[in-house]
Amino acid sequence: QVHVVESGGGLVQPGGSLTLSCAASGSIFRINNMGWYRQAPGNQRVLVATVSAGGTTNYADSVKGRFTISRDNAKNTVYLQMNSLNPEDTAVYYCNAMAQLPGISRVQAYWGQGTQVTVSS
């Protein structure tokens, strides 16, 4: 079993910054991509940013230049540095880990419970 736990959400003023962290733990053979998704009220969950095991990153157009995703492979941890936040960034942010368990070739998606980010004055 793989556990994914996010932390770092909260309330921030427009223009402010926030850093999210996410750690995956459990019986893990390998983690491929890790990433962040978000879901605003009444909307579908959408991609924010992903990072491969080799460090290749991918961002949604709406966050390019403002958000930075990074990863510590030794700790199975991924971070999301969010700058210049605006009210449209308000959402529940979910961490995703695409992981392989020992002895199983299939890569499965594991999700955290989500952390609320609210941007408001």
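Quick note: structure is the one above.
Computed from a prediction, not measured in an experiment: that's the story for all the values here. Each chain has its residues counted from 1, following the order in which its sequence is written. For this predicted model, a pLDDT threshold of at least 70 governs which residues receive local features, and a threshold of 80 or more governs which side-chain atom pairs are given and counted, while totals over whole chains, interfaces and linings are taken from all residues. The side-chain numbers reported here are obtained from all heavy atoms of the structure, hydrogens and water having been left aside.

Asks: Explanation requested: the overall build of the protein in the structure shown.
Replies: Numbering of helices and strands starts at the N terminus; helices are DSSP runs of H or I of at least 4 residues and strands are runs of E of at least 2. The secondary structure content of the protein amounts to zero helices and eleven strands. For 121 residues, the compact-globule estimate of 2.2 N^0.38 gives 14 Å, and the C-alpha radius of gyration of the protein, at 14 Å, lies within 12% of that figure. Dimensions of the protein, computed from C-alpha atoms along their principal axes, come out at roughly 50 × 25 × 20 Å. Per-residue accessibility takes into account occlusion by the displayed protein chains alone, with areas from the Shrake-Rupley method and a 1.4 Å probe. Counting every atom, the protein has about 6200 Å² of accessible surface; 48% of that belongs to carbon and sulfur. For this measure, only C-alpha atoms enter the radius of gyration; the expected value for a globule follows 2.2 Å times N^0.38, where N is the number of residues.

Asks: What is the right way to read the environment of Pro14 from this model?
Replies: Inspection of the secondary structure puts Pro14 in the loop between strand S2 (10–12) and strand S3 (18–26). Sequence-wise, Pro14 and Thr118 are 104 residues apart; in three dimensions their C-alpha atoms are separated by 9.5 Å. Beyond its immediate stretch of four places on either side in the chain, Pro14 contacts Leu85, Pro87, Val119, Ser120 and Ser121. Every residue pair with non-hydrogen atoms within 4.5 Å of one another is taken to be in contact.

Asks: I would appreciate a short explanation of the pattern of salt bridges in the present structure.
Replies: Here the idea is simple: oppositely charged side chains can pair when their charged atoms come close. By definition, a salt bridge exists where a carboxyl oxygen of Asp or Glu is found within 4 Å of a side-chain nitrogen of Lys or Arg. A full pass over the atoms with the stated rule returns three salt bridges. Between Arg38 and Asp89 there is a salt bridge, with the nearest N and O atoms lying 2.9 Å from each other. In this pair, Arg38 is assigned in strand S4 (residues 30–39) and Asp89 in the loop between strand S8 (77–82) and strand S9 (91–100), connecting sequence segments 51 residues apart. Both residues of the pair, Arg38 and Asp89, belong to the buried class. Note that Arg66 and Asp89 form a salt bridge whose closest N and O atoms lie 2.8 Å from each other. Of this pair, Arg66 sits in the loop between strand S6 (57–59) and strand S7 (67–72) while Asp89 is found in the loop between S8 and S9, placing the two residues 23 residues apart along the sequence. Each residue gets one of three labels from its accessible area relative to the maximum for its type: buried under 20%, exposed over 50%, partly exposed in between, using a 1.4 Å probe on protein chains only.

Asks: Sorry, what's going on with the pairing of strand S5 (residues 46–51) here?
Replies: Both S4 and S5 contribute to a ladder of five bridges, which runs antiparallel. Considered in S5, the bridge of Gly35 is made with Thr50. Hairpin connection, S4 to S5: the antiparallel pair is bridged by six residues, and Gly42 has positive phi, about 80°. Paired strands, in this sense, are two strands between which DSSP finds at least two bridges. Both S5 and S6 contribute to a ladder of three bridges, which runs antiparallel.

Asks: Where do I start with the state of the cysteines in this structure?
Replies: Covalently bonding the sulfur atom of one cysteine to the sulfur atom of another cysteine gives a disulfide. Only a pair of cysteine sulfur atoms within 2.5 Å qualifies as a disulfide here. Enumeration over the complete set of coordinates arrives at one disulfide. Note on cysteine connectivity: Cys22 is disulfide-linked to Cys95, with sulfurs 2.0 Å apart. With the S-S dihedral at roughly -80°, the linkage between Cys22 and Cys95 falls on the left-handed side. Taken together, the positions of Cys22 in strand S3 and Cys95 in strand S9 put the pair 73 residues apart, joining distant regions of the chain. Neither Cys22 nor Cys95 differs from the other in exposure class; each is buried.

Asks: How do you make sense of the sheet that holds S8 when you look at a structure like this?
Replies: Strand pairs in the sheet, formed through backbone hydrogen bonds, run parallel or antiparallel to each other. Here four strands make up an open sheet; going across it, the order is S1-S3-S8-S7 and the pairing antiparallel. A strand with exactly one partner marks an edge of an open sheet, and here the two such strands are strand S1 (2–7) and S7. On average, each strand axis in the sheet is inclined to that of its neighbour by 15°, with strand direction left out of account. Here an axis means a line fitted to C-alpha atoms, over the contact stretch when the element is a helix, while the angle between two N-to-C directions is reported on a 0 to 180 degree scale.

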